[in-house]
Protein chains: 4
Amino acid sequence: MISFEHYTTIRKHTEYICSFLQTEDYVPQPVPFVSPPKWHLAHSTWFFEEFILKKYFDGYAEFDSDFGFLFNSYYNTIGKRVLRAQRGNITRPGIDRIYEYRQYIDSHMEIIIQLKSGDPEFRNTLALGLNHEQQHQELLVTDIKYILGHNPIFPVYNEAIDWESVREENTGFISVPEGMYDIGHTGEGFSFDNEHGTHRVFLDAFEISAQLVTNSEYMEFMEAGGYANFNYWLDEGWSWVLQNDIHAPLYWHSIDGEWHHYTLRGLEKVDPDAMLTHISFYEAAAYAEWKRMRLPTEFEWEAASSQFNWGKRWEWTHSAYLPYPRFRKPEGAIGEYNGKFMINQMVLRGSSCATPQGHSRNTYRNFFHPDERWQFTGIRLVKL
Amino acid sequence: MISFEHYTTIRKHTEYICSFLQTEDYVPQPVPFVSPPKWHLAHSTWFFEEFILKKYFDGYAEFDSDFGFLFNSYYNTIGKRVLRAQRGNITRPGIDRIYEYRQYIDSHMEIIIQLKSGDPEFRNTLALGLNHEQQHQELLVTDIKYILGHNPIFPVYNEAIDWESVREENTGFISVPEGMYDIGHTGEGFSFDNEHGTHRVFLDAFEISAQLVTNSEYMEFMEAGGYANFNYWLDEGWSWVLQNDIHAPLYWHSIDGEWHHYTLRGLEKVDPDAMLTHISFYEAAAYAEWKRMRLPTEFEWEAASSQFNWGKRWEWTHSAYLPYPRFRKPEGAIGEYNGKFMINQMVLRGSSCATPQGHSRNTYRNFFHPDERWQFTGIRLVKL
Amino acid sequence: MISFEHYTTIRKHTEYICSFLQTEDYVPQPVPFVSPPKWHLAHSTWFFEEFILKKYFDGYAEFDSDFGFLFNSYYNTIGKRVLRAQRGNITRPGIDRIYEYRQYIDSHMEIIIQLKSGDPEFRNTLALGLNHEQQHQELLVTDIKYILGHNPIFPVYNEAIDWESVREENTGFISVPEGMYDIGHTGEGFSFDNEHGTHRVFLDAFEISAQLVTNSEYMEFMEAGGYANFNYWLDEGWSWVLQNDIHAPLYWHSIDGEWHHYTLRGLEKVDPDAMLTHISFYEAAAYAEWKRMRLPTEFEWEAASSQFNWGKRWEWTHSAYLPYPRFRKPEGAIGEYNGKFMINQMVLRGSSCATPQGHSRNTYRNFFHPDERWQFTGIRLVKL
Amino acid sequence: MISFEHYTTIRKHTEYICSFLQTEDYVPQPVPFVSPPKWHLAHSTWFFEEFILKKYFDGYAEFDSDFGFLFNSYYNTIGKRVLRAQRGNITRPGIDRIYEYRQYIDSHMEIIIQLKSGDPEFRNTLALGLNHEQQHQELLVTDIKYILGHNPIFPVYNEAIDWESVREENTGFISVPEGMYDIGHTGEGFSFDNEHGTHRVFLDAFEISAQLVTNSEYMEFMEAGGYANFNYWLDEGWSWVLQNDIHAPLYWHSIDGEWHHYTLRGLEKVDPDAMLTHISFYEAAAYAEWKRMRLPTEFEWEAASSQFNWGKRWEWTHSAYLPYPRFRKPEGAIGEYNGKFMINQMVLRGSSCATPQGHSRNTYRNFFHPDERWQFTGIRLVKL
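Computed from a prediction, not measured in an experiment: that's the story for all the values here. (Residues numbered from 1 in each chain as written. Chains lettered and ligands numbered in written order. Predicted model: local features only at pLDDT ≥ 70, side-chain atom pairs only at ≥ 80, totals over all residues. Heavy atoms only, no water.)

**Concerning the overall build of chain A**
Turning to step 1, where the next piece is worked out: Each helix and strand counted, chain A has nine helices and 13 strands in total.
Turning to step 2, where the next piece is worked out: Taken over the C-alpha trace, chain A has a radius of gyration of 21 Å; the compact-globule value for 384 residues is 21 Å, and the two agree within 12%.
Turning to step 3, where the next piece is worked out: On the principal axes, the C-alpha backbone points of chain A span a range of 65 × 50 × 35 Å.
Turning to step 4, where the next piece is worked out: Looking at chain A as a whole, 62% of its 384 residues qualify as buried.
Turning to step 5, where the next piece is worked out: Restricting to contacts in chain A with at least 6 residues of sequence separation, those with at least 24 account for 78%.
Turning to step 6, where the next piece is worked out: In the form shown here, chain A has an accessible surface area of approximately 14700 Å², with 48% of it arising from carbon and sulfur atoms.
Turning to step 7, where the next piece is worked out: Across chain A, the mean location of the 34 positive side-chain charges is 4 Å away from that of the 52 negative side-chain charges. (Helix = DSSP H or I, 4+ residues; strand = E, 2+ residues; numbered from the N terminus. Rg over C-alpha atoms; globule rule 2.2 N^0.38 Å. Buried < 20%, exposed > 50% of the residue type's maximum accessible area, 1.4 Å probe, protein only. Contact = heavy atoms within 4.5 Å. Areas by Shrake-Rupley, 256 points an atom, 1.4 Å probe, with all protein chains shown as cover. Lys, Arg positive; Asp, Glu negative; His and termini not counted. Charge placed at Lys NZ, Arg CZ, Asp CG, Glu CD.)

Have a look at this one:
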């Protein structure tokens, strides 16, 4: 049962993330896949208005009739929306108006949660709305990092956040025996439709690393000419390297011969012992090839996940993001949540420093295109 | 002699233009040719710091060493600069810091103007800096119009500004006789290098309209299928129409069968009797072709200009922007001001509602690419 | 044991395919994924020169030192090569010279096959070369169809080929029980590295159609507004539809309200009872969604394949092209054959009318990007 | 009076140019501005069919109803046409069929020339058709050079052609006094509409070089870092240099530290004393800037042209291609010949090695975009 307190805790966290911003930081969309912080604040709120208040709150008066149009993300079912690439040009409504919007929705949500919490369908949609907000919290932080990290003066977001220097305690490899494994979510708590439909997968025996790849290990690959040797790369990965002149992870800068990277605390030297992050699938796969190992499949990862620590980096798997055998697309707009993105993306498992507490689980399937690297991604290897 | 009062009047006008903005409006750059208002505020200030204070003010302490990099526009001579298309992503320094920058520079300028106003070269650079600021005032307004005018909720910039409804009083054609005409600037006041080097041009007799084309006249062209008939268009103009699906001037929207346009006061019905504006050179030339007339050359315009009213719309001429016979590029960074843009652009003469008072004259040469139309452009015809 | 006769039979078939061409048809590359027929003729020959004659033929004299550069396809290991998108501009060497090249290589191959046929590694490379040639025979036909089919006068390739009107005899669905299935190639004959490493896969019970989708079935989808309703489409599929203005399979043209399509015999009316072809994965998946069914996985397809007829259309599966658990990339240039393409592509199973006889088997894994449709692709459905 | 003999002489010259080609060379269109030789052969023939035979020849039977569609170049008035960028994919009709087309048209032209040569309008159109064919002869050679010159094996077109090594005999500067000059064509012979309407232009005195810039002079500019210093370049020229990585004229290759260039005789060392060619307007203007001189206007060029030799290189002027004061666009399709291209192009004066004899005159206005350089262009300077 989700209480209004729980609702409030999650909603306030979104605003806490933004509390370190200046008004100007809320506005830009430097590349299509990064949304303005302002937009995240409004869109996650719109979700509750559209899918809960309009449906369950008798006589609900819309906050502003333009907002559906402005802050719908990709639900074609709900009507027209601002093109994804143009979110950064919409300066008004301003921040103040968007915070008013949040308050207005929250005050109505307080009432409706009290009235309807006995209705299972309501509870499901509420849980989805809060998990949706948490997904946007993670994107909010990584989008803020992208915006500030591409400013040539490298502004500090928050001195107190130390996510880029996380180190791993474990070592060695874990052996997982051949067998049938149950894959997918079964428990009581919330989960997304893309992890439903538990099914059996047969796996050969494999050995998976207990630790993530570190910066120093990756620098060995770089020093060995990893970015200059096509042999390690997928063909489209190699084109990506050449066309974008890639020669280091995202946010890395070589200054006077030493590697620095932009962190949420500003520009810092790269800590060799910390977990590598901000690499694409192409880089993860090339590193594995160079190391004569491979990435785990998402099934191997799930089968082994209880035996290692995870939760600091989203871990690239070598599985494409495809429907599970028992996946059924829900009816209506909610059906657009996951299913339609199941093409040309790779699965990531685990969660990252930027993931809100309690938001992940070992069946959670995250997914990105193989060239995307602005999330806190990482590499775990399996022996060939 | 330019007094500090005069300097202050001009500088304050820039801030007045911005006084109608919310902080968020200062940030975006929706297309490369539109700059963030924030950037205009800083760049026009940087010009005084770079070309005056660093040169003339003994012991001048730079306000912020990053600002040269961030707010240089196109002076390659001065070193690295932020790529033009990425100005909208630089959220920090924020607005407050930029207003501090303006104050800091102004307080130093007060001192240096008193000390150096006897030095002719100083006076010239000061005049250039103020004219530069005035050019950016015009761009500031038209860039703001572009940003707000592409917001689907069409925000009001300032209810009190009524520039789109200006009407023309004159009628008929003016005859100008064959003869030699002196072209270019000769007087005492400030002028740009691109209008220097008075020279003689021989002109055939011609008849030029005393009035600009109105919205209703242009709507006749539209209703006659002007946008659907390649015969009226230059070949590259026709490609522009097809590729961009152009079928009306910029900011025009057909709502329930009636033409509206975005104005600085919000969305309004098009006034048929007002002067047409926001058309490209391609549209101006196609309209002239349809009307079986032509656009004037910039020399014809200048020769006839004393006989008609001008000053509400920048008027497209049929002259390419090229150096005058006696044009010499100044040495150093100032040499990049005008000369290097003399290719693939057409000359506009006159000035517009958005031009600061006293900034134009009948020898002033403005210039834009033939597809650009976010300035307050207009059409004046000459008989074939 | 591969005899020179067998070698010759395959090599001659390539030339037979080209016997219906005019010299001009050999030259163009209308889009990057279609190669000039001329290039196929030379590249398949170069493969034998590079990987067999240079290695096994003592004192072998290269036919022409430029050819390695001109006709290498994607083997980065072998050195520089002409960019893939520029193959259509290389008019010389001409066709005659390329046929000379084929003769020269064939005469040397005759000798080396006699000498070395006892060497297992030689035999493997020879088998690979011939299977490679057969792969290019299929591409040759489909590339020719693309070139002629995009000529507004729709030339006939060969009146005698009737591939677009193939009909299916079977009906109904086949039930396959839950269980462990062996996947991958085990037999004696040739197979590619991407199908090696037999492994067990657990499958739930499923029902798969005994017949492929027909033109009339697909036309129902079209008439039901299939191309206009985003609900049926993957998100990137929907963008593909909008950006490319797709509203029918490739080669289809609506003439006076009736569907025609370009066939190798010229423009013909679409036969409603024939097997649908030339659809992308996006279209196959949208059709399945509309039909409330799904595409099979490649494992389901392989497990069921003995129970239905296949071989006229490459059948899209809902499996991404990824390495099998026991896949190991071979050393050297041959290692570039398959592995590096295992990203962003979907698996097709079966074979098509254009596949040379004896070239396919039920473990064969073909693969294309989800938007590609110039192969003879088809759709087989599985019940939800 | 144009005789059929004269007609034949010109028509045969087109075929002579092609006599050095292999069939494959007739097909490709490597970039949109280069047309397939095959297309030139057919298009110049189509012009006679469309504008003469269909109009003047009673009962004329069209050779092939597809040809109007396939070989119309840019006359929107005449109906649909193949998109300019797709000419290289149209392999059929083949060369043989196109030569048949030429014969068919020529045999009908023989008759109609005898019948109609007394009709002045017929004579004008015939003259236009022949001048049109001559324009395409020049493009034919330069397009062939482009096709063969971008083949990595650098095939020889014709050993006997020595156009790249032409040297200049003259030296020094010619003084031209201030005054009124008559500009434009007046004589009896053929001329294009863009040079009509003689008009008076007032010119200041100027000094123009009697010789064209040589390879060695240009190499000085290169060695002085001309391609690396933005100061010499127009702003869009500098972007062109950076985006296309330009560091030498077209066809130049540095081999073992020595400059070679592709010529119609194959790859040769650059002759330092020969006239420079294959430079863009951007390069011409940058060279002039570096030399502290300027390019002539087209009026200066015309006024001075009787005092120097010209005819080996098309000479870039600093004039934009715009209508003369008395220019009137002819009615109908012929009106599309010149006028619609009068934007974003610069005027070249003179003629080149590739210009057919008798085709040019000192009032002829050629025009290209400022980045185009596949014609035999050159540089003549004027003192500042």
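Moving on from the coordinates now.
**Here we look at the relation of the copies chain C and chain D**
Turning to step 1, where the next piece is worked out: Between chain C and chain D, which share one sequence, the superposing operator has a rotation angle of 180° and an axial displacement of 0.0 Å; the RMSD is 0.0 Å. As the rotation angle and translation indicate, the two copies are arranged about a two-fold axis.
Turning to step 2, where the next piece is worked out: When the interface residues of chain C are mapped onto chain D, 100% of them are again interface residues, pointing to one common binding face. (Least-squares fit on C-alpha atoms with pLDDT ≥ 70 in both.)

**Considerations on unusual backbone geometry**
Turning to step 1, where the next piece is worked out: Residues Arg92 of chain A and Pro93 of chain A are joined by a peptide bond in cis, for which omega reads 0°.
Turning to step 2, where the next piece is worked out: Its location among the elements puts Pro93 of chain A in the loop between α3 (67-71) and α4 (95-116).
Turning to step 3, where the next piece is worked out: Positive phi outside glycine occurs at Asp245 of chain C, with the angle close to 50°.
Turning to step 4, where the next piece is worked out: Phi is positive for Arg292 of chain C, close to 55°, though the residue is something other than glycine.
Turning to step 5, where the next piece is worked out: In this structure, Arg292 of chain C sits in the loop between α8 (281-290) and β8 (293-294).

**Describing the packing of helix α6 (residues 215-223) of chain C against α8 of chain C**
Residue and element names in this part refer to chain C.
Turning to step 1, where the next piece is worked out: It is at 11 Å that the axes of α6 and α8 come closest, and there the two elements cross at 80°. The pairing of α6 with α8 is recorded here as roughly perpendicular in orientation. Of α8, the residues touching α6 (which contributes Glu217, Tyr218, Glu220 and Phe221) are Glu283, Ala286, Tyr287 and Trp290.
Turning to step 2, where the next piece is worked out: Class assignment of the residues belonging to the contact of α6 with α8 gives a composition of five nonpolar, no polar and three charged. (Axes fitted to C-alpha atoms, helices over the stretch in contact; angles between N-to-C directions. Parallel < 35°, antiparallel > 145°, perpendicular 65-115°, else oblique. Nonpolar A, V, L, I, M, F, W, Y, C, P; charged D, E, K, R; others polar.)

**Observations concerning the relation of the copies chain C and chain A**
Turning to step 1, where the next piece is worked out: With an RMSD of 0.0 Å, the fit of chain C onto chain A corresponds to turning through 180° and sliding 0.0 Å along the axis.
Turning to step 2, where the next piece is worked out: An overlap of 100% is found between the interface residues of chain C and their copies at the interface of chain A, pointing to a shared contact surface.

**Considering the sheet that holds strand β7 (residues 266-269) of chain A**
Neighbouring strands of a sheet are bound in pairs by backbone hydrogen bonds; such pairs are parallel or else antiparallel.
Residues and elements named next belong to chain A.
Turning to step 1, where the next piece is worked out: One open sheet accounts for three strands, arranged β5-β6-β7; its pairing is antiparallel. Whereas interior strands pair on both sides, the edge strands pair on one side only; in this sheet they are β5 (252-255) and β7. The average angle at which neighbouring strand axes cross in this sheet is 35°, direction not considered.
Turning to step 2, where the next piece is worked out: For β5 and strand β6 (residues 258-263), the ladder comprises four bridges, and the chain directions are antiparallel. Across the sheet, the residue bridging to His253 is His260, located in β6. (Pairing = 2+ DSSP bridges.)

**Brief notes about the packing of aromatic side chains**
Turning to step 1, where the next piece is worked out: Under the definition given, this model contains 171 aromatic pairs over all chains.
Turning to step 2, where the next piece is worked out: Between Tyr218 of chain B and Tyr287 of chain B the ring centres are 5.7 Å apart and the planes differ by 35°, which places this aromatic pair in the tilted class. Here Tyr218 of chain B, found in helix α6 (residues 215-223), pairs with Tyr287 of chain B, found in helix α8 (residues 281-290); they are 69 residues apart in sequence, far enough to count as distant.
Turning to step 3, where the next piece is worked out: Ring geometry for Phe154 of chain C against Tyr262 of chain C: centres 5.9 Å apart, planes inclined by 25°, an arrangement best described as stacked. With Phe154 of chain C in the loop between α5 (120-149) and β1 (173-176) and Tyr262 of chain C in strand β6 (residues 258-263), this residue pair connects regions lying 108 residues apart in the sequence.
Turning to step 4, where the next piece is worked out: Joined through ring pairs, the aromatic side chains of Phe57, Tyr60, Phe63, Phe67, Phe71, Tyr101 and Tyr104 of chain A make up one cluster.
Turning to step 5, where the next piece is worked out: One cation-aromatic arrangement involves Arg380 of chain B over Phe308 of chain B; the distance from NZ or CZ to the ring centre is 3.7 Å. (Phe/Tyr/Trp six-rings, centres within 6.5 Å; stacked < 30°, edge-to-face > 60°. Lys NZ or Arg CZ within 6 Å of the ring centre and 35° of its normal.)

**Here's the deal with the interface of chain C and chain D**
Turning to step 1, where the next piece is worked out: Contact residues are listed per partner, giving 30 residues for chain C and 30 residues for chain D.
Turning to step 2, where the next piece is worked out: Taken together, both faces of the contact between chain C and chain D bury some 2300 Å²; the carbon and sulfur share is 59%.
Turning to step 3, where the next piece is worked out: Sorting the residues of chain C by area buried against chain D places Glu24, Thr91 and Arg92 of chain C first, and these three jointly supply 32% of that buried surface.
Turning to step 4, where the next piece is worked out: The tally of links between chain C and chain D comes to two salt bridges.
Turning to step 5, where the next piece is worked out: Taking the shortest distance from any N to any O, the salt bridge between Arg92 of chain D and Asp25 of chain C comes out at 2.6 Å.
Turning to step 6, where the next piece is worked out: The interface formed by chain C and chain D contains 10 residue pairs in polar contact (both at pLDDT 80 or more).
Turning to step 7, where the next piece is worked out: Contributions of two or more residues to the side of chain C that touches chain D are made by α3 (67-71) and α5 of chain C. (Buried area = accessible area lost by both parts, 1.4 Å probe. Salt bridge = Lys/Arg side-chain N within 4 Å of Asp/Glu carboxyl O. Polar contact = N/O pair within 3.5 Å; in protein donor to acceptor, adjacent residues only side chain to side chain.)

**Examining the UniProt feature "domain: Sulfatase-modifying factor enzyme-like" (unreviewed entry) in chain A**
Turning to step 1, where the next piece is worked out: Here, UniProt's "domain: Sulfatase-modifying factor enzyme-like" (unreviewed entry) annotation points to residues 170-306 of chain A.
Turning to step 2, where the next piece is worked out: The span residues 170-306 of chain A shows a helical share of 26% and a strand share of 25%, and its end C-alpha atoms are spaced 14 Å apart. (UniProt positions renumbered as here; feature names shortened; annotations may be inferred.)

**Observations regarding the domain arrangement of chain A**
All names here are of chain A.
Turning to step 1, where the next piece is worked out: If you check the domain split of chain A, you get domain 1 (4-149) and domain 2 (173-383).
Turning to step 2, where the next piece is worked out: With centres defined by C-alpha atoms, the gap from domain 1 to domain 2 works out at 27 Å.
Turning to step 3, where the next piece is worked out: Contact residues are listed per partner, giving 25 residues for domain 1 and 25 residues for domain 2.
Turning to step 4, where the next piece is worked out: One can count zero salt bridges joining domain 1 with domain 2.
Turning to step 5, where the next piece is worked out: The tally of links from domain 1 across to domain 2 stands at 10 residue pairs in polar contact (both at pLDDT 80 or more).
Turning to step 6, where the next piece is worked out: The set of elements that each furnish at least two residues to the side of domain 1 that touches domain 2 consists of α2 (37-56) and α5 (120-149).
Turning to step 7, where the next piece is worked out: Residue composition of the side of domain 1 that touches domain 2, grouped by class: 13 nonpolar, nine polar and three charged. (Domains from an automatic or database assignment.)

**Notes on the state of the cysteines**
Turning to step 1, where the next piece is worked out: In this structure the tally under the stated criterion is zero disulfides over all chains.
Turning to step 2, where the next piece is worked out: Here Cys353 of chain A stays free of any disulfide, with the sulfur of Cys18 of chain A as its closest cysteine sulfur at 19 Å. (Disulfide = S-S within 2.5 Å.)

**What to know about helix α1 (residues 4-18) of chain D**
All names here are of chain D.
Turning to step 1, where the next piece is worked out: End to end, α1 covers 21 Å across 15 residues, agreeing with the expected 21 Å (1.5 Å per residue, within 8%).
Turning to step 2, where the next piece is worked out: Of the positions making up α1, those classed as buried are Tyr7, Ile10, Arg11, Thr14, Glu15, Ile17 and Cys18. All buried residues of α1 fall inside an arc of 165° around its axis, so they share one side. In α1, those exposed residues whose orientation departs by more than 90 degrees from the buried face are Glu5 and Thr9. (Expected span 1.5 Å × (residues − 1). Arc of directions from axis to C-beta.)

**Details of the interface of chain C and chain A**
Turning to step 1, where the next piece is worked out: Tallying the contact residues gives 39 residues for chain C and 39 residues for chain A.
Turning to step 2, where the next piece is worked out: Together chain C and chain A conceal approximately 3200 Å² of surface at their shared face, both sides included; 52% is due to carbon and sulfur atoms.
Turning to step 3, where the next piece is worked out: For Arg200 of chain A, the salt bridge identified is with Glu178 of chain C, shortest N-O distance 3.3 Å.
Turning to step 4, where the next piece is worked out: Scanning the region where chain C abuts chain A turns up 14 residue pairs in polar contact (both at pLDDT 80 or more).
Turning to step 5, where the next piece is worked out: Every element with two or more residues in the side of chain C that touches chain A is listed here: β3 (199-203), α7 (235-244), α8 and β9 (314-320) of chain C.
Turning to step 6, where the next piece is worked out: Considered class by class, the residues forming the side of chain C that touches chain A number 17 nonpolar, nine polar and 13 charged.

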